[in-house]
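Structural overview for review
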Amino acid sequence: MDTKQDRKAAILAETLVSLWVETDGEAVEAAIRIAGEAADDIADLFYTVLMQQPDANAFLNHALVHERLRPSLARWIRAMFRDGERATIDAILEQNYQVGLIHARINIPLTLVNAGMRIIKKELSRRILASPLSREMTAQAILFVSELLDTVLDNMHEAYLGDLLGNVRQQQSLKMFMSGQNLALEGERLKSSLFDWLRNTVVAIYTGNGAAIPSIEASDFGLWLNHKAELTFGRVAELDAIRVRTRTIAATLQNTTAMADAAAFVRALNDDVTQMAYLLGAVIDKALEIEGGRDPLTRLLTRRFMPTIFQREVNISLRHGKPFAVLLIDADHFKAINDTHGHQAGDGVLTAMAELLHSNVRAGDFVFRYGGEEFLILLTEMDTASAAVKAERLRTIVEDHVFSLAGQPLRITASIGVALHDGHPDYEHTVRRADAALYEAKRQGRNRVVIAE
């Protein structure tokens, strides 16, 4: 935590210490006893109630989360009422600050967090009322529980809102980064992809092979439109118009009777695609003057953009059932290059490798400089088999490429760990699985692809 957060945590800690000291010992002991006895039952009730709320399904229906959260919540309840020692309180506040960061990272609505805390407070209060305490001790115990949980909730919210504001800033920065890349070149690439799709579709129509008509939404252009366009330009009217035409084209191609007059159908299709290309050009023209920050060496996305991009992809994956894959790529024995030839030579190799990776993914994919000699690629709309094939192809491309080191040819290899998003709402779960797979690839001898279990 930074200095500002340290000060806020210290204030909250002093508040809790005072609460423990100033509350009658009998009331505190009753709260501790009841919380310990009721923790498991409250955890069951907590998830039973929240699972009935539609906006909670995305966060609670994943098997791994479901299995771990009930016992975890029971442990959390007992930990909140352990003792009033300063060290214990500091640990509780730090733990719950991290919980708030996780809530922000997986986009749990604050209303859901608040609703969950109300369930815990209400159930503990109900059990305190049913205990054989005097009226005075009952009131003190309920106030103690309420004040303690409210302070912890404030601490969670502090982390949540801080991360949220940071993510808003990152979204703006990411927008500048995406639009600050070579958009003119990227625009031509996208237009080329769009017209390639048109050409293949026209051939399929005139040959009467309707089954061979490619999906515009699964094309390179379609993937870019669904996954990157809004990050680059925000919500603009031109992109909305392109999406409408894309959906219309996709729907029309499902209607075989609409293609009875092939010539007229193709003319209309060509008009739609031409208009889409024009709208794309108009959007790019508006954005060409915008500059943005990027990794100064490789010009790739940096890790600070990961929350914005990954949270969006998790939402798409959960909402539409189109999982993404994470590839963690490590340049093998890269330290030897730095040690033998110097860091400047190593930087040249990293720059070339970044260009190689970026030029061999689709327009809808994302390539990050993850750190040091590691790169991370997010492949949108993937299954395990396709991700494995793509990873192996990238490994081969790196192995076959002749890098230049001070004018001399150099061959390097790469180890790659692959993980498919399995529905977990926290994207770091997928990244950690890819990282474990990368570690295994290096352990097995490097220059290989390992798929996370």
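Residues numbered from 1 in each chain as written. Predicted model: local features only at pLDDT ≥ 70, side-chain atom pairs only at ≥ 80, totals over all residues. Heavy atoms only, no water.

Turning to helix H13 (residues 306–320), a few remarks are in order. With 15 residues, H13 extends 21 Å between its outermost C-alpha atoms, agreeing within 8% with the 21 Å of an ideal straight helix rising 1.5 Å per residue. Restricting attention to buried positions, one finds in H13 the residues Met306, Thr308, Ile309, Phe310, Gln311, Glu313, Val314, Ile316 and Ser317. Directly after H13, the chain includes glycine 321, whose backbone phi takes a positive value near 70°. (Helix = DSSP H or I, 4+ residues; strand = E, 2+ residues; numbered from the N terminus. Expected span 1.5 Å × (residues − 1). Buried < 20%, exposed > 50% of the residue type's maximum accessible area, 1.4 Å probe, protein only.)

All right, on to the sheet that holds strand E8 (residues 449–451) then. Pairing is mixed in the open sheet, where six strands are placed in the order E1-E3-E4-E2-E7-E8. Looking at which strands have only one partner, the edges of the open sheet turn out to be strand E1 (301–302) and E8. As judged from the six bridges shared by strand E2 (residues 325–331) and strand E4 (residues 374–379), these two strands associate in the antiparallel manner. Each bridged residue has a counterpart across the sheet, and for aspartate 330 the counterpart in E4 is glutamate 374. Against the sheet, H13 makes contact with E1, E2, strand E3 (366–371) and E4, and its axis sits at roughly 135° relative to E3, the strand it touches most. Those strands touched by helix H16 (residues 384–400) are E2, E4, strand E7 (414–420) and E8, and its axis lies near 165° from that of E7. (Pairing = 2+ DSSP bridges. Contact = heavy atoms within 4.5 Å. Axes fitted to C-alpha atoms, helices over the stretch in contact; angles between N-to-C directions.)

What follows deals with helix H17 (residues 427–443). Under the 1.5 Å per step criterion, the end-to-end length of H17 is 25 Å for 17 residues, consistent within 8% with the ideal 24 Å. Taken as a whole, H17 has its buried residues at Tyr427, His429, Thr430, Val431, Arg433, Ala434, Ala437, Leu438 and Ala441. Among the residues of H17, the N-terminal cap falls to aspartate 426, whose side-chain oxygen and the backbone nitrogen of glutamate 428 are separated by 3.1 Å. At the exit of H17 stands glycine 445, carrying a positive phi of roughly 125°. (Polar contact = N/O pair within 3.5 Å; in protein donor to acceptor, adjacent residues only side chain to side chain.)

A few words on the side chain of threonine 151. With respect to the secondary-structure elements, threonine 151 resides in helix H7 (residues 135–180). Excluding residues within four positions of it along the chain, threonine 151 makes contact with Leu12, Thr15 and Leu16.

A few words on the packing of helix H15 (residues 343–358) against H16. Where H15 meets H16, the axes come as close as 11 Å, and the angle between the chain directions of the two elements is 140°. The pairing of H15 with H16 is recorded here as oblique in orientation. Note on packing geometry: the crossing formed by H15 with H16 is right-handed. For the pair H15 and H16, contact is made by Met353, Leu356 and Leu357 and by Leu394, Ile397 and Val398, respectively. Its residues assigned to classes, the contact of H15 with H16 comprises six nonpolar, no polar and no charged. (Parallel < 35°, antiparallel > 145°, perpendicular 65-115°, else oblique. Left-handed = near helix turned anticlockwise from the far one by under 90°. Nonpolar A, V, L, I, M, F, W, Y, C, P; charged D, E, K, R; others polar.)

Time to look at the environment of valine 402. Mapped onto the elements of the fold, valine 402 is located in the loop between H16 and strand E5 (403–405). Look at valine 402 and you get partly exposed, because its relative accessible area is 43%. Residue contacts for valine 402: discarding those within four places in its chain leaves Pro409, Leu410 and Arg411.

Most of E7 is tucked away: seven of the seven residues are buried. Of the two faces of E7, the one lined by Ala414, Ile416, Val418 and Leu420 and the one lined by Ser415, Gly417 and Ala419 are each fully buried. In the sheet, E2 pairs with E7 via seven bridges, with the strands oriented antiparallel. Residue isoleucine 329 lies in a different strand from E7, and its bridge partner there is isoleucine 416. Two elements, E7 and E8, share three bridges in a ladder whose sense is parallel. Within E8, the position partnered with isoleucine 416 by the bridge is valine 449. With H17 bridging E7 and the parallel E8, this β-α-β connection has left-handed handedness. (Right-handed = clockwise from strand over helix to strand, strands pointing away.)

Below, the discussion takes up the pattern of salt bridges. Tallied over the full model, the rule gives 21 salt bridges. Among the ionic pairs, lysine 191 bridges to glutamate 188, the shortest N-O distance being 3.8 Å. Here lysine 191 and its partner glutamate 188 are both found in helix H8 (residues 183–206), three residues apart, which amounts to about one turn of the helix. On the basis of relative accessible area, lysine 191 is assigned to the partly exposed category, the value being 22%. (Salt bridge = Lys/Arg side-chain N within 4 Å of Asp/Glu carboxyl O.)

Within E2, seven of the seven residues are buried, which leaves it mostly tucked inside the rest of the structure. Side-chain alternation along E2 places Ala325, Leu327, Ile329 and Ala331 on one buried face and Val326, Leu328 and Asp330 on a second face that is also buried.

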